[in-house]
Amino acid sequence: MRPEDKITEVKGIGDKTAATFGKVGVETVYDLIHYYPRNYKVYEQPVSVSSLSEGDRAAVFCRIVSGVAVTRGRRFTIVTLSAADDSGSVKMLWYNMPFLRNVLHKGEMYVFVGAIKIQGASRVMEMPEYYTQFNYQKMLSTMQPVYPLVKGLTNNMVTKAMRAVVDVIKSTEDYAPEEMRQEYGLTPVSDAIMAIHFPETRENLIKAVERLAFDEFFHFILNVYKLKEKNIKLINTHIISEDAISRLNGFEAGLGFQLTAGQKNAARDIISDMSSDHVMNRLIQGDVGSGKTVVAEEALFITAVSGYQGAMMVPTEVLAEQHFKELTERFKPYKLKVGLLTGSLGAKERRLVYERLKSGEIDIVVGTHALITDKVEYKNLGLVITDEQHRFGVKQREKLALKGEHPHVLVMSATPIPRTLAIILYADLDISVIKELPAGRKKIKNCVVGTDYRPSAYAFIRKEVLSGHQAYIICPMVEESEAVDAENVINYTDELSTVLGNNIKVEYLHGRMKESEKTEIMERFNNREIDVLVSTTVIEVGINNPNATVMMIENAERFGLAQLHQLRGRVGRGDAQSYCIFINVKKSDESMERLKVLEESNDGFHIASEDLRLRGPGEFFGIRQSGDLAFRVADIYSHADILKNAQEAAIKYGGILSDE
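Model, not experiment: these values are computed from the prediction.

Trainee: Which parts of the structure should I look at to understand the sheet that holds strand 11 (residues 338–341)?
Mentor: Neighbouring strands of a sheet are bound in pairs by backbone hydrogen bonds; such pairs are parallel or else antiparallel. With parallel pairing, the seven strands of this open sheet are ordered in space as 11-12-10-13-14-9-15. In this open sheet, the two strands that pair with only one neighbour each are strand 11 and strand 15 (430–434). This sheet shows a mean twist of 20° between the axes of neighbouring strands, independent of strand direction. Here strand 9 (residues 281–286) runs beside strand 14 (residues 408–413); their pairing, made up of five bridges, is parallel.

Below, the structure written as structure tokens:
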């Protein structure tokens, strides 16, 4: 078997299973061996029930002391039983597993493993695994990989497939010469891939992660340098007109608010670039809520008025529709035509957009990855904007740029990256920074609290909603299965609806929903048909609802500081005072120190620097950011030193190595 073989060559994988793997982008043996776990379960000695605290993931050896009850909830079946040891009792709870009634019986002894919640005076273990004492002994001290999953794909299926390709993993050729591996202390790549899928010790897993993080950074930087070399020589064939620049004053006057100094400086940089002899390649790095979108609108305006087309690519359909509506409204007085192109458009609508883009009837188009599909042709593409750059790879940005004859490129990012790292990651781009918030925005009031504050938080949310505002509640990913993560959000929504009362509309949003469902929920939330939205981090990117004034983040200690800051940026977007409540379940000194940074500051760049300081190098079992620059293993905060080494290696060895 070879890495380039289709996944159907793997023993036990037929066409149906291959189609399921295809949903997560695994189509070849190479894709499979590079499909890395997102986490690991570590199995340790059982502890006493009385020692369990909220947020712990622990094992307890207990006797079942009640019958198994199966009740039908509003959205799923709930299975419960009580178990106890000499120190106390704990309630076990499962969703959609009614068969357990025939498996678990009163009087039997099991080792239960799971996360603990405190409900009133009771301890609850949700979705616990269960083992006989003999079977659990075999699990002790092992690390079981937890893979990202979709419907139909189980952890066991991935693990089984990985065992079937062990020989391919072991024969993986290392691109890095021995000299380079020695210089940077790199584990051979075949050993690293083996260890990430089949870890024997924590130490060899950390070394594996460090090697794979190095590789991701190294190849990313090589791609960036190649782009830079290409772009540095490109002649500007889309020079903006003097008329467009003079008309920009009228556009600004019609906005109804004053631009900040940072926005004006960024706009000046863009005008200067687009008027110069060479093509623009610029990053606008601005804190959440700093008004980057308005600067992008100005760039699109001067492009369209100069007779060229502009394209803006964003990561989600919800965000695309939001920008489309705003741009349509803003550009209506200037007779500029705005189009929308997303994956969920019907074939007929999509074909019409293709035709209008090709003929030049559409001046500005907003969309998702649909903008870079092969069928899309532009008449005269002069500017491409990628929003939230950390969601798109360098090659995707390049693919959009290739849709035109060397269009200008503008990248926007709200990810607060310390300048030292931004210079490495965005080496092909000139950087403009927007630091100030627009006038009239009040600073978000923050508090870090323990779980005992929840009732007060719910009362506060209820008060804000009854005064006409809305709220978000964020639940983290807690289990190995995305299905369970969804149920966690659904269950929380049911519980919260009961607490807040029937007159407050509570809905949920999670990653397993179809794009059309997500879009519908967000539209209803923006239209104030939903009062409280319970969600996973799917709402992290760019959603704008000025009426939302409260965000409560459960298990805040599970997130990186920069991601928490991004999430918090969904509130504080209007004139009303906004609040963010961070529920710290662990209550350790370390987690309190980290979260206090957010309580004391709303400055994303300061928070990013503190995140860098507080997260040690190579801290694999710590908290990863979500989706930063599309890295699968590498984390720019935990692996900042590795990033610097990879840059040095790219300069030193890049000339003799080709990017894979």
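Trainee: Sorry if this is basic, but what is going on with helix 9 (residues 242–253) here?
Mentor: Here helix 9 has its buried residues at A244, L248 and F251. Taken end-on, helix 9 shows its buried residues confined to a sector of 65°, consistent with a single buried face. Exposed and facing more than 90 degrees away from the buried side of helix 9 are E242, N249 and A253. On its buried face, helix 9 is in contact with helix 10 (261–275), helix 11 (292–305) and helix 12 (317–331).

Trainee: Where do I start with the environment of A19 in this structure?
Mentor: Note on placement: A19 falls in helix 1 (residues 15–22). We classify A19 as partly exposed; its relative accessible area is 48%. For the pair formed by A19 and T8, sequence separation is eleven residues and the distance between their alpha carbons is 9.6 Å.

Trainee: Where do I start with the packing of aromatic side chains in this structure?
Mentor: Remark: the centre distance and the inter-plane angle together describe each pair of aromatic rings, the angle taken between the planes. Throughout the structure, instances matching the rule amount to 19 aromatic pairs. Between F217 and F631, the ring centres sit 5.1 Å apart and the planes meet at 80°, which makes this aromatic pair edge-to-face. Residue F217 is located in helix 8 (residues 202–232), and its partner F631 is located in the loop between helix 21 (604–614) and helix 22 (640–653); the two are separated by 414 residues in the primary sequence. Seen in terms of ring centroids, F220 and F631 are 5.2 Å apart; in terms of plane orientation they differ by 75°. Their pairing is edge-to-face. Of the two residues, F220 sits in helix 8 while F631 sits in the loop between helix 21 and helix 22, which places them 411 residues apart along the sequence. Taken individually, F220 and F631 each receive the classification buried, so the pair is uniform in this respect. Here the aromatic cluster, defined as three or more aromatic residues joined through ring pairs, consists of W94, Y110, F112 and Y130.

Trainee: Help me understand the pairing of strand 18 (residues 506–509) in this model?
Mentor: For a regular strand, side chains alternate in direction, first toward one face of the sheet and then toward the other. With burial as the criterion, each face of strand 18 is covered, one bearing V506 and Y508 and the other bearing E507 and L509. Taken together, the four bridges between strand 18 and strand 19 (residues 532–535) define a ladder with parallel strand orientation. Note on strand 19: the bridge partner recorded for L509 is S535.

Trainee: Where do I start with the confidence of the model for the protein chain in this structure?
Mentor: Reading predicted coordinates in detail is not appropriate for stretches of low pLDDT. Looking at the protein chain as a whole, the pLDDT averages 87, with 94% of positions reaching at least 70. Note that residues 617–628 has pLDDT below 50 and, in this model, 50 contacts with residues that lie over four places away or in other chains.

Trainee: Just checking my understanding: could you explain the pattern of salt bridges for this structure?
Mentor: Two side chains carrying opposite charge are able to pair once their charged atoms lie near each other. Inspection of every chain in the model, using the stated rule, returns 26 salt bridges. For K596, the salt bridge identified is with E599, shortest N-O distance 2.6 Å. One end of the pair, K596, and the other, E599, are both in helix 20 (residues 589–600), three residues apart, so they sit about a helical turn from each other. What makes K596 partly exposed here is its relative accessible area of 30%. Three or more residues are tied together by salt bridges with common partners; here these are D174, E178, R181, R211 and D215.

Trainee: Would you mind showing me how to read the packing of helix 9 against helix 11 here?
Mentor: For any two helices packed against each other, one specifies the crossing angle of their axes together with the interaxial distance. One way to put it is that helix 9 packs onto helix 11 with a least axis distance of 9 Å and a crossing angle of 135°. With respect to their mutual orientation, helix 9 and helix 11 come out oblique. In terms of crossing hand, the pair formed by helix 9 and helix 11 is right-handed. Contact with helix 9, carried on its side by D243, A244, R247, L248, F251 and E252, involves E297, E298, F301, I302 and V305 of helix 11 and no other residues of that element. Its residues assigned to classes, the contact of helix 9 with helix 11 comprises six nonpolar, no polar and five charged.

Trainee: Just checking my understanding: could you explain the nonpolar core for this structure?
Mentor: Soluble globular proteins: nonpolar side chains tend toward being buried together. Within the largest apolar cluster, 91 residues are counted, with the highest numbers of intra-cluster contacts made by F21, L32, V165, F214, L341 and Y378. In terms of residue count, the dominant contributor to this core is helix 8 (14 residues). Setting aside its immediate chain neighbours within four residues, F21 contacts I7, I13, V26, L32, L153, M157, V158 and A161. Residues I116, V124, I461 and V585 belong to the second largest nonpolar core, which totals 79 residues.

Trainee: I would appreciate a short explanation of the environment of G286 in the present structure.
Mentor: Locating G286 in the fold gives a position in strand 9. On the basis of relative accessible area, G286 is assigned to the buried category, the value being 1%. As a C-alpha pair, G286 and H34 span 252 residues in sequence and 33 Å in three-dimensional space. For G286, the contacting residues outside a window of four places in its chain are K292, S413, A414 and I434.

Trainee: Quick question: what am I supposed to make of unusual backbone geometry here?
Mentor: If a residue is not glycine, its phi is most likely negative; likewise, a peptide bond is most likely trans. Unusually for a residue other than glycine, N96 sits at a positive phi of about 55°. Inspection of the secondary structure puts N96 in the loop between strand 5 (88–95) and strand 6 (109–119). What makes N96 partly exposed here is its relative accessible area of 38%. The phi torsion at N555 lies on the positive side, around 50°, for a residue other than glycine. Within the secondary structure layout, N555 lies in the loop between strand 20 (548–553) and helix 19 (561–568).

Trainee: I'm lost on the sheet that holds strand 18 in this one. Help?
Mentor: Overall, parallel pairing links the six strands, which are arranged 16-21-20-17-19-18 in an open sheet. Looking at the sheet topology across the chains shown, the edges are occupied by strand 16 (445–449) and strand 18. Between one strand axis and the next, the sheet turns by 15° as a mean value, whatever way the strands run. Inspection of the sheet shows strand 20 paired to strand 21 (residues 579–583) by four bridges, in the parallel sense. Within strand 21, the residue paired with I553 across the bridge is F582. This element, helix 16 (residues 454–466), spans strand 17 (470–474), strand 19, strand 20 and strand 21 of the sheet and lies at about 165° to strand 20. In the packing of helix 18 (residues 515–526) onto the sheet, the strands contacted are strand 17, strand 18, strand 19 and strand 20, and the crossing angle to strand 18 comes to about 145°.

Criteria and cut-off values
Residues numbered from 1 in each chain as written. Predicted model: local features only at pLDDT ≥ 70, side-chain atom pairs only at ≥ 80, totals over all residues. Heavy atoms only, no water. Pairing = 2+ DSSP bridges. Helix = DSSP H or I, 4+ residues; strand = E, 2+ residues; numbered from the N terminus. Axes fitted to C-alpha atoms, helices over the stretch in contact; angles between N-to-C directions. Buried < 20%, exposed > 50% of the residue type's maximum accessible area, 1.4 Å probe, protein only. Arc of directions from axis to C-beta. Contact = heavy atoms within 4.5 Å. Phe/Tyr/Trp six-rings, centres within 6.5 Å; stacked < 30°, edge-to-face > 60°. pLDDT = per-residue confidence, 0-100. Salt bridge = Lys/Arg side-chain N within 4 Å of Asp/Glu carboxyl O. Parallel < 35°, antiparallel > 145°, perpendicular 65-115°, else oblique. Left-handed = near helix turned anticlockwise from the far one by under 90°. Nonpolar A, V, L, I, M, F, W, Y, C, P; charged D, E, K, R; others polar. Core = buried A, V, L, I, M, F, W, Y, C linked by side-chain atoms within 4.5 Å.

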